[in-house]
Amino acid sequence: MTARPPAGLPGLDPAWSRNVESLDADRMVRRWHLLDTDPVTDPAEVQGIMLCVHGNPTWSYLWRRFLSARRPGWRVIAVDQLGMGYSDQPTGSLDRPRTLAHRIDDLTRLTDTLCIGADSSTPVVAVGHDWGGIVASGWALRHRERGGHLAGLVLANTSVHHDFEGGLPLALRVARWGPLNAATCVTTPLFVRAATALSRPPLPREVRDAFAAPYPDAASRSFVGQFVADIPAEPQHPTRATFDQIATALTEVGSARIPALLLRGPADPVFSEMHLRDLRRRLPHAQVHRYEGAGHLVTEDAPRTAADTWNWIAEVVQPSLRGEAPDEVHQPADDSTAPAWSALLDRVRDTPDDLAVAEVRSGRRVSFVELEQEIANLSAGLLRHGVTAGDRVALLVPPGIDLTVILYACWRIGGVVVVADAGLGARGMGRALRGTGPDHVIAIAKGLLAVRALRVPGRRILVHRAESPLLARALGAETTLDTVRALGRGGAPAPQPPVDAECAILFTSGSTGPAKGVVYRSDQIKAQAGHTRGLYGLSDEDRFVAAFAPFALYGPAMGVGSVVPDMDVTAPATLTATGLADAVLAAEATTVFASPASLRNVVATSAELDDEHQAALGRIRVAMSAGAPIPLALLHNLTAVLPAATLHTPYGMTECLPVSDVVLEELEAAGTGNGVCVGRPWAGVEVLIAPLPSTPEHPDGTTVEDGELTAEPDVTGEIVVSAEHVKNHYDQLWATQSASTRDGNGAHGPRHRTGDVGHFDGQGRLWVEGRRAHVVHTAVGPLTPVALELRIQRLPAVRDAAVVGVGPIGTQAVVVVLQLEDDVANSHVGRLAADWLTAAVRAAAADVEPRLSPPGGPGIAAVLWAERFPVDIRHQSKVDRSKLARWASRILAGQRVGHP
């Protein structure tokens, strides 16, 4: 085996490569190869050391980005384990299989040689991947026991325990067997090549070849086979004792609250969600980041892992080294000890017989006192069934009485409800539920079938309107909701959990990437409900139609009766004008909350209304719609259907709702502008703008920072909000959470970067110009899409418009994609818009954005058309401009593609 890697490997600086001689576990001198950023630096000048350990069959090349991104004052050492990469193969007079215990001892002796052992006070962050994570954990524990300064532990797709079903994949179990071990790991490069073949997107060939470079023949792969054979599947395996000792000791590290970061690629066929949950149980304080779409080689599939890890060291490890307590993310909304459901209890005391929840489809209705009794019984039953405070409980139940009772019963006992609504789609819902790792699942029959197909963990409870133990068992449920409810009748009331306990994980719509889990605490839910009630002047006399699934759950928290209309909650456009009127009649409702897609269909079907239903809709005094920009024309049309209603379009997001609000009259007064006017920030909400830089990147490729936060008018930038009801954190997305709160605390709590861009006008009104991810970065600076789209949508032939960027960031071409009226679409051949339409679009765009006009500006590069736009599943209103941009890019490259 050669002593150094060949020249020219992508991303590998030859200056890092060095050889070091050190004793191994058998006290024999071995030559190690390692990558080292600062081999000659005076140790006194080093603030800290990152020690990186690869798994099997990779080598130190895995950590090249971690070396490149290192922080000033930090030294990075990435080792090739003995027998791996370009280090010696430990053969000789004491030739024997290399076990986990040997590898930990080998590494300990090497670090002693490098003067970062027990006699060194230099802080060390140990980093490991795959089975190298176990070696790194074992070394870290020994280093700490010997008096070394363990500053942190970073584990990427690894495990220290696999004694559960599916804990060790069949392929690995088989590959441990002698003949197959030799055939797959040694005599052929199958195992070596398979390690990089699973990456998505596929790694470049030169990178795959770089990973395989140390293993060109059977002799160089002999320890690859040994590494696999050393996996302890059986209790009697020689390595089992070491493996179990590390697992036990790692729990002690968790108790000591040593900083830890878990990097996770969920598409890993080797280490499953169960492995991650086990690590989280042992290291409950650890930060976690899940890189959706990434697989086993998470540091390759998600290159940002390097930068994220260094940010974690700066934000968590270094303050810990200075003796500083971590920043407290949560700030209690108020000093009250009243729970999130206190408004429900007030109604039980004052007006117990008033309607709490009604369902149009089933005709069921419950009063506040009946609802409270149902919640009390079920909460006591859930406790007896084994649901405890802090347990995550996934709910797959349609909006209505059952869901309301279950949710508030879980809150009553301190459970954390996971609400992954069907609006995420089957794939998105499965990803969300698996990621949260629920301890329990409460679902209707269809939901239980779904969680089985989606491989969602958790004990199952069937929600069925009749006692059905046989059906429950057939669906994999332990019991039914009726049985659990019966367990609780007459039982002791559940103890009230702390008001600042985590209580809910809600999910974003996923319109700009995988849906994110948003964690709320009880007092934040209470603040959110209070703001919503106050914003719309809701009183005990009001009842609202919850035509938007998440809001069906807020009625009891606001102390307001609610009714669920007869519609498919996964398809907002199924709400008809008659269906809305039926809901109003069922509850004598005064208020409506619906998505733009729902209201569009209400307007479209309003001609079907009879006199009774028209009169019912005429009694609505407040109508709210959010989730996507709402055309002014739609609001005008809605006034004919809801003639007495004040039409509100609140602005907010899953992470903070409401932020601001505006009514139709103010929208008309504001007129046209750069974006959509969403009104003034609501009382108790601070909104500032982080100005966008003129170019997103420096010449060296590093990101240009935003400007200082401001409330000055006519400054476009990312919208940053502060409120007592801002989310607590993102679930298992540490880096995303860190980036979203990097502006610190504001006037009303932690600041949150919304991902939206906008500006204030001279009257203090906020205008939203689009998503930051959808900003087009042209040669003349950033262009936001919404104002251009709204102007183009006014053209007679155009039904909808989307503005996207094609090409490299900083020189993107502006492309407009249209949906056309049917008669115009039928006259088109191909995907390019007709010349007359293209000219009209360019003229309309120049009216809004003079910088687009040639010769000074780039102009509109192309105008395309599509039969439909890709939209989010939940709202069916948010256009996925990123997907449209990729589609447009392929069209302009001459590729034959179908619908976007």
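Residues numbered from 1 in each chain as written. Predicted model: local features only at pLDDT ≥ 70, side-chain atom pairs only at ≥ 80, totals over all residues. Heavy atoms only, no water.

1. Some details on the overall build of the protein
Counting its regular elements, the protein contains 31 helices and 36 strands. Whereas a compact globule of 900 residues would reach a radius of gyration of roughly 29 Å, the protein reaches 30 Å, a difference of no more than 12%. Dimensions of the protein, computed from the C-alpha atoms along their principal axes, are close to 100 × 80 × 50 Å. Counting every position in the protein, which comprises 900 residues, the buried fraction comes to 59%. Pairs at least 24 residues apart make up 71% of the contacts formed inside the protein by residues separated by at least 6 positions. Total accessible area computed for the protein in this model is approximately 34,800 Å², and 53% of it derives from carbon and sulfur atoms. In the protein, 84 positive and 99 negative side-chain charges are present, and the distance between their average locations comes to 6 Å. (Helix = DSSP H or I, 4+ residues; strand = E, 2+ residues; numbered from the N terminus. Rg over C-alpha atoms; globule rule 2.2 N^0.38 Å. Buried < 20%, exposed > 50% of the residue type's maximum accessible area, 1.4 Å probe, protein only. Contact = heavy atoms within 4.5 Å. Areas by Shrake-Rupley, 256 points an atom, 1.4 Å probe, with all protein chains shown as cover. Lys, Arg positive; Asp, Glu negative; His and termini not counted. Charge placed at Lys NZ, Arg CZ, Asp CG, Glu CD.)

2. What about the pairing of strand β1 (residues 17-23)?
The pairing of β1 with strand β2 (residues 29-36) spans seven bridges and is antiparallel. Paired with Ser 17 across the two strands is Leu 35, which belongs to β2. Counting the residues in the hairpin turn of β1 and β2 gives five residues, including Arg 27, whose phi is positive at 65 degrees. (Pairing = 2+ DSSP bridges.)

3. A few points about the packing of helix α14 (residues 368-385) against helix α19 (residues 481-488)
At a closest axis distance of 6 Å, the pairing of α14 and α19 adopts a crossing angle of 95 degrees. Between α14 and α19, the interaxial angle falls into the category roughly perpendicular. Side by side, α14 and α19 meet where Glu 374, Asn 377, Leu 378, Ala 380, Gly 381, Leu 382, Arg 384 and His 385 of the first sit next to Leu 481, Val 484, Arg 485, Leu 487 and Gly 488 of the second. When its residues are assigned to classes, the contact of α14 with α19 shows six nonpolar, four polar and three charged. (Axes fitted to C-alpha atoms, helices over the stretch in contact; angles between N-to-C directions. Parallel < 35°, antiparallel > 145°, perpendicular 65-115°, else oblique. Nonpolar A, V, L, I, M, F, W, Y, C, P; charged D, E, K, R; others polar.)

4. Topic: the sheet that holds strand β28 (residues 729-730)
Strand order across the open sheet formed by eight strands is β15-β14-β13-β11-β12-β16-β17-β28, with mixed pairing between neighbours. At either end of the open sheet lies a strand with only one pairing partner, and these are β15 (479-480) and β28. As judged from the two bridges shared by strand β14 (residues 459-462) and β15, these two strands associate in the parallel manner. If you follow Leu 462 over to β15, its bridge partner there is Thr 480. Against the sheet, helix α17 (residues 445-453) contacts β11 (392-396), β13 (440-443) and β14, and its axis sits at roughly 160 degrees relative to β14. Helix-sheet contacts for helix α20 (residues 522-535) involve β16 (502-507) and β17 (517-521), and the interaxial angle to β17 is about 90 degrees.

5. Digging into helix α25 (residues 632-641)
Among all positions in α25, only Leu 634, Leu 635, Leu 638 and Val 641 are buried. For α25, the angular spread of buried residues about the axis comes to 100 degrees, placing them on one side. (Arc of directions from axis to C-beta.)

6. Focus on the sheet that holds strand β34 (residues 798-806)
Spatially, three strands are ordered β34-β35-β36 in an open sheet, and the strand pairing comes out mixed. Both edges of this open sheet fall to β34 and β36 (860-865), since each of them pairs with a single strand only. Here the average twist between neighbouring strands, direction ignored, is 25 degrees. The pairing of strand β35 (residues 813-820) with β36 spans five bridges and is classified as parallel. Directly across from Leu 818, in β36, lies its bridge partner Trp 865. Packing of helix α31 (residues 881-892) onto the sheet brings it into contact with β34, β35 and β36, and relative to β34 it is tilted by some 75 degrees.

7. Regarding the layout of surface pockets
For the second largest pocket, the calculated volume is near 480 Å³. For the second largest pocket, the lining is made up of 26 residues, of which Ala 171, Leu 172, Phe 191, Ala 194 and Val 270 are closest to its centre. Those elements giving two or more residues to the lining of the second largest pocket turn out to be α4 (170-175), α5 (178-186), α6 (190-197) and α8 (222-229). (1 Å grid on protein atoms, 1.4 Å probe; cavity = no way out; pocket = protein on both sides within 12 Å on 5 of 7 lines; lining within 4 Å. Points joined across faces, edges and corners; volume = space filled by probe spheres on them.)

8. Concerning the nonpolar core
Among the nonpolar cores identified, the biggest contains 101 residues, and Val 125, Trp 131 and Trp 312 are the most heavily contacted of them. The biggest single contributor to this core is helix α3 (residues 131-145), with seven residues. Apart from residues no more than four positions distant in its own chain, Trp 312 is found in contact with Val 125, Gly 152, Leu 153, Val 154, Pro 259, Ala 260, Leu 261, Gln 287, Val 317 and Trp 734. Among the nonpolar cores identified, the runner-up in size contains 62 residues, and Ala 356, Cys 410, Cys 503 and Phe 548 belong to it. (Core = buried A, V, L, I, M, F, W, Y, C linked by side-chain atoms within 4.5 Å.)

9. Looking at the environment of Leu 647
In this structure, Leu 647 sits in strand β22 (residues 646-648). Taking C-alpha positions, Leu 647 is 24 Å from Thr 754, a pair spaced 107 residues apart along the chain. Excluding residues that lie within four positions of it along the chain, Leu 647 makes contacts with Ala 623, Leu 635, Leu 638, Thr 639, Val 662, Val 663 and Leu 664.

10. Some remarks on the packing of α5 against α8
The angle between the axes and the distance between the axes are what describe a pair of packed helices. One can describe the packing of α5 onto α8 by two numbers: an axis separation of 8 Å at closest approach and a directional angle of 130 degrees. Relative to α8, the element α5 lies oblique. Crossing angle aside, the handedness with which α5 passes α8 is right-handed. Contacts between α5 and α8 pair Asn 181, Cys 185 and Val 186 from the former with Ser 222, Val 224, Gly 225, Val 228 and Ala 229 from the latter. Residue classes in the contact of α5 with α8 are distributed as five nonpolar, three polar and no charged. (Left-handed = near helix turned anticlockwise from the far one by under 90°.)

11. Digging into the packing of aromatic side chains
Tallied over the entire structure, the rule returns eight aromatic pairs. Centroid distance Trp 59 to Tyr 61: 5.5 Å. Interplanar angle 20 degrees. Geometry classified as stacked. Judged by its relative accessible area of 0%, Trp 59 falls in the buried class. What links up through ring pairs into an aromatic cluster is the set Trp 59, Tyr 61, Tyr 86 and Phe 211. Directly above the ring of Tyr 61 sits Arg 64, whose terminal nitrogen or CZ lies 4.1 Å from the centroid. (Phe/Tyr/Trp six-rings, centres within 6.5 Å; stacked < 30°, edge-to-face > 60°. Lys NZ or Arg CZ within 6 Å of the ring centre and 35° of its normal.)

12. Examining the side chain of Asn 377
Along the polypeptide, Asn 377 turns up in helix α14. On the basis of relative accessible area, Asn 377 is assigned to the buried category, the value being 9%. Setting aside its immediate chain neighbours within four residues, Asn 377 contacts Arg 485, Gly 488, Arg 489 and Gly 490.

13. Side note on the side chain of Ser 22
Looking at where Ser 22 falls in the secondary structure, it is placed in strand β1. Overall, the relative accessible area of 3% leaves Ser 22 in the buried class. Polar side-chain contacts of Ser 22 include one of 3.3 Å to the backbone oxygen of Arg 109. For Ser 22, the residues in contact, after removing those within four places along its chain, are Met 28, Val 29, Arg 30, Trp 32, Arg 109, Leu 110 and Thr 113. (Polar contact = N/O pair within 3.5 Å; in protein donor to acceptor, adjacent residues only side chain to side chain.)

14. Focus: a nonpolar patch on the surface
On the surface, a cluster of nonpolar side chains totalling about 410 Å² of accessible area is made up of Leu 170, Val 174, Trp 177 and Leu 180. Tracing the backbone shows Leu 170 in helix α4. (Patch = residues over 30% accessible without salt bridge, like charges linked within 9 Å, V, L, I, M, F, W, Y side chains within 5 Å. Salt bridge = Lys/Arg side-chain N within 4 Å of Asp/Glu carboxyl O.)

15. A closer look at α14
An ideal rise of 1.5 Å per residue puts 26 Å on 18 residues; α14 measures up with 25 Å between its terminal C-alpha atoms. Positive backbone phi, approximately 110 degrees, marks Gly 386, located one or two places after α14. (Expected span 1.5 Å × (residues − 1).)

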